[in-house]
Amino acid sequence: MRYYFLFFLLLVSYSCSREDQNPESIRIDLSRSYGNEQLENIVDDIRLVPLETNDSCIVGQYDRVIVKGRSIFILDKMQNTVFCFDTTGKFRQKINRQGRSGQEYITADDFIVQDNTLIVFDNNKSQLQFYDFQGNYVKTIPVCQGDQIAVNPAGGYIVYSSVADKYHVHTFNDKGEKTGEYLPVESKIINLPSAFCNNRSILSYNDETFILNFFDYNVYSLKNNELKIKYRYDFGVKNMPDDLLEVSDPASFMQKIAKDKSVQQIENFTETRNWITFDARYPVYYNKNAQVYYVFNELKFPYSLFFWQAPLAINDDNEYFSIVSINQIQALVPAVKKYTGQYPFIETVASASINDNDNNWVLFFRLKNN
């Protein structure tokens, strides 16, 4: 019990220690309903791209997806492999350098793409392994243990850890020397379940890095090696109850978390000049210019198949993207002829041969005034 209570105290300490930062506070009413009509008013240039499937490129898990230039990179942790497709869905190559030599990784726990280099994070070795796009070894940089990595726009690299020794966020230079530590962690909560980590807790975009924590409505910004709370969200009646983390044993805690209907985390956060998108039980799209938000909790077929969560991120061409499972694509097949005229972007489904074991598809789209 004391570990979960300490986690709550830590959450309070984050807020209290940063009150002088004056972050922008944004209230989101998740009970407001938005559907297909509102989505069509803000979304443009939708396209679906099927990923090629053959014996060399069967992707089992889509643990991390990065679109860079004309390439789609997908990490499958189960296979410890990064698959590369072009933006038309054609398979290019895969990189698997699993092993115990100095040029290999034991596990591929995360990855990033920088220029023409693929950087794989090996938590077991506490290293960043650098490869070219053909899988040739380039170099190794020692870092620390963690969950996720990002390029530091100020130079070097960032490692995020859901349960760290002293800090959640660590920065390193190009030589692997630690240059900073951010978001202090109460030492007595090290034994908290490691499951409490966002699917994407850290994301660098342009000149700043966004950082998210579980049980925390703050969006942190690391810019020029200075950490601030950039946004603080308020979900009203969907805010976490004060006693959410007050339980007597881990089993009861997990049951309580599973039953709770409040917002426990912010996920898939992305910001551009005009828009903020994220998941908070439902996908939320916030127009910064108009200060208007949309909570897409009433989407109907076929949009409900494709926009049930906020986009994963954006590519270099300011397109948003998400992964669409092959099961979702198959659900559209019986009705595709009926809806093709109204929704031209699903014409790709009408002309495709779809099998149960095919790779997933990628959904690309833009937001108006983006």
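This one's a predicted model, so the numbers in the text were calculated from it and none came from an experiment.

Let's talk about the overall build of the protein chain
Here's step 1: Each helix and strand in the protein chain was counted, giving 7 helices and 25 strands.
Here's step 2: For the protein chain, the share of sequence-separated contacts (at least 6 apart) that also reach a separation of at least 24 residues comes to 55%.
Here's step 3: Surface accessibility of the protein chain: about 16,900 Å² in total, with carbon and sulfur atoms responsible for 45%.

A short note on the layout of surface pockets
Here's step 1: Quantified by volume, the largest pocket comes out at close to 1,200 Å³.
Here's step 2: Within the residue set of the lining of the largest pocket, elements represented by two or more residues are β3 (64–68), β7 (110–114), β11 (148–151), β15 (202–205), β19 (267–271), β23 (313–314) and β24 (320–324).
Here's step 3: When grouped by side-chain class, the residues that make up the lining of the largest pocket number 20 nonpolar, 15 polar and 11 charged.

What about the sheet that holds β24?
Here's step 1: In space, the 4 strands of this open sheet follow the order β2-β25-β24-β23, with antiparallel pairing throughout. The sheet is open, and its two borders are formed by β2 (43–50) and β23, each paired with just one other strand.
Here's step 2: Bridge analysis of β24 against strand β25 (residues 361–367) gives 5 bridges, and the strand direction is antiparallel. Bridge assignment links Val 324 to a residue of β25, and that residue is Trp 361.

A word on the nonpolar core
Here's step 1: Ranked by internal contacts, the top residues of the largest apolar core, which has 60 residues, are Ile 28, Tyr 233, Phe 235, Phe 278, Phe 306 and Phe 307.
Here's step 2: In this structure Tyr 233 touches Ile 26, Ile 28, Tyr 217, Val 219, Ile 266, Phe 269, Ile 276 and Phe 278, once residues within four positions along its chain are discounted.
Here's step 3: Residues Phe 83, Phe 91, Phe 321 and Phe 364 belong to the second largest nonpolar core, which totals 18 residues.

Comments concerning the side chain of Glu 208
Here's step 1: Along the chain, Glu 208 falls in strand β16 (residues 208–211).
Here's step 2: Engagement of the side chain of Glu 208 in a polar contact is seen with the side chain of Ser 221, the distance being 2.5 Å.
Here's step 3: In terms of polar contacts, Glu 208 uses its side chain to reach the side chain of Lys 230, at 2.8 Å.
Here's step 4: Excluding residues within four positions of it along the chain, Glu 208 makes contact with Pro 153, Leu 203, Ser 221, Leu 222, Lys 223, Lys 230 and Glu 271.

As for the pattern of salt bridges
Here's step 1: Within the structure shown, the criterion is met by 14 salt bridges.
Here's step 2: Asp 207 is the salt-bridge partner of Lys 223, the closest N and O atoms lying 3.3 Å from each other. Highlighted residues: Lys 223 in strand β17 (residues 218–223) and Asp 207 in the loop between β15 and β16, separated in sequence by 16 residues.
Here's step 3: On the basis of relative accessible area, Asp 207 is assigned to the partly exposed category, the value being 41%.
Here's step 4: Where Lys 300 meets Glu 298, a salt bridge forms, and the shortest distance between an N and an O atom there is 3.6 Å.
Here's step 5: Residue classification places Lys 300 among the partly exposed residues on the basis of a relative accessible area of 48%.

A look at the side chain of Thr 340
Here's step 1: By the element assignment, Thr 340 lies in the loop between α6 (336–339) and α7 (347–350).
Here's step 2: Among the residues examined, Thr 340 registers a relative accessible area of 16% and is labelled buried.

Regarding the environment of Thr 88
Here's step 1: One can find Thr 88 in the loop between β5 (81–86) and β6 (91–95).
Here's step 2: Accessibility expressed as a relative area gives 60% for Thr 88, which makes it exposed.
Here's step 3: In this view, Thr 88 contacts Val 49 and Pro 50; residues no more than four positions away in its chain are not counted.
Here's step 4: One polar contact links Thr 88 to Asp 86, side chain to side chain, over a distance of 2.5 Å.

Quick word on the sheet that holds β7
Here's step 1: With antiparallel pairing, the 4 strands of this open sheet are ordered in space as β7-β8-β9-β10. Each edge of the open sheet carries a strand with a single partner, namely β7 and β10 (137–142). Averaged over all pairs of adjacent strands, the angle between strand axes in this sheet comes to 20 degrees, irrespective of strand direction.

What to know about the confidence of the model for the protein chain
Here's step 1: Summarising the model, the protein chain shows a mean pLDDT of 89, and 89% of its residues fall at 70 or more.
Here's step 2: Contacts of residues 1–20 to residues separated by more than four positions or lying in other chains number 46 contacts, the stretch itself having pLDDT below 50.
Here's step 3: Across residues 187–191, confidence stays below pLDDT 50; counting only partners more than four residues off in sequence or on other chains, it has 12 contacts.

Observations concerning the packing of aromatic side chains
Here's step 1: Applying the stated criterion across every chain, the model contains 28 aromatic pairs.
Here's step 2: Aromatic side chains Tyr 303 and Phe 307 sit 6.0 Å apart centroid to centroid with 75 degrees between the ring planes, which places their arrangement in the edge-to-face category. Across the pair, exposure class does not vary: Tyr 303 and Phe 307 are buried alike.
Here's step 3: Taken together, a centroid distance of 6.0 Å and an interplanar angle of 35 degrees make the contact between Tyr 339 and Tyr 343 tilted. There is no split in this pair, since Tyr 339 and Tyr 343 are both buried.
Here's step 4: The structure contains a cluster of three or more aromatic residues connected by ring pairs, namely Phe 301, Tyr 303, Phe 306, Phe 307, Tyr 320, Tyr 339, Tyr 343, Phe 345 and Phe 365.
Here's step 5: Residue placement shows Arg 32 over the ring face of Tyr 293; its charged tip is 4.6 Å from the ring centre.

Procedures and definitions
Residues numbered from 1 in each chain as written. Predicted model: local features only at pLDDT ≥ 70, side-chain atom pairs only at ≥ 80, totals over all residues. Heavy atoms only, no water. Helix = DSSP H or I, 4+ residues; strand = E, 2+ residues; numbered from the N terminus. Contact = heavy atoms within 4.5 Å. Areas by Shrake-Rupley, 256 points an atom, 1.4 Å probe, with all protein chains shown as cover. 1 Å grid on protein atoms, 1.4 Å probe; cavity = no way out; pocket = protein on both sides within 12 Å on 5 of 7 lines; lining within 4 Å. Points joined across faces, edges and corners; volume = space filled by probe spheres on them. Nonpolar A, V, L, I, M, F, W, Y, C, P; charged D, E, K, R; others polar. Pairing = 2+ DSSP bridges. Core = buried A, V, L, I, M, F, W, Y, C linked by side-chain atoms within 4.5 Å. Buried < 20%, exposed > 50% of the residue type's maximum accessible area, 1.4 Å probe, protein only. Polar contact = N/O pair within 3.5 Å; in protein donor to acceptor, adjacent residues only side chain to side chain. Salt bridge = Lys/Arg side-chain N within 4 Å of Asp/Glu carboxyl O. Axes fitted to C-alpha atoms, helices over the stretch in contact; angles between N-to-C directions. pLDDT = per-residue confidence, 0-100. Phe/Tyr/Trp six-rings, centres within 6.5 Å; stacked < 30°, edge-to-face > 60°. Lys NZ or Arg CZ within 6 Å of the ring centre and 35° of its normal.

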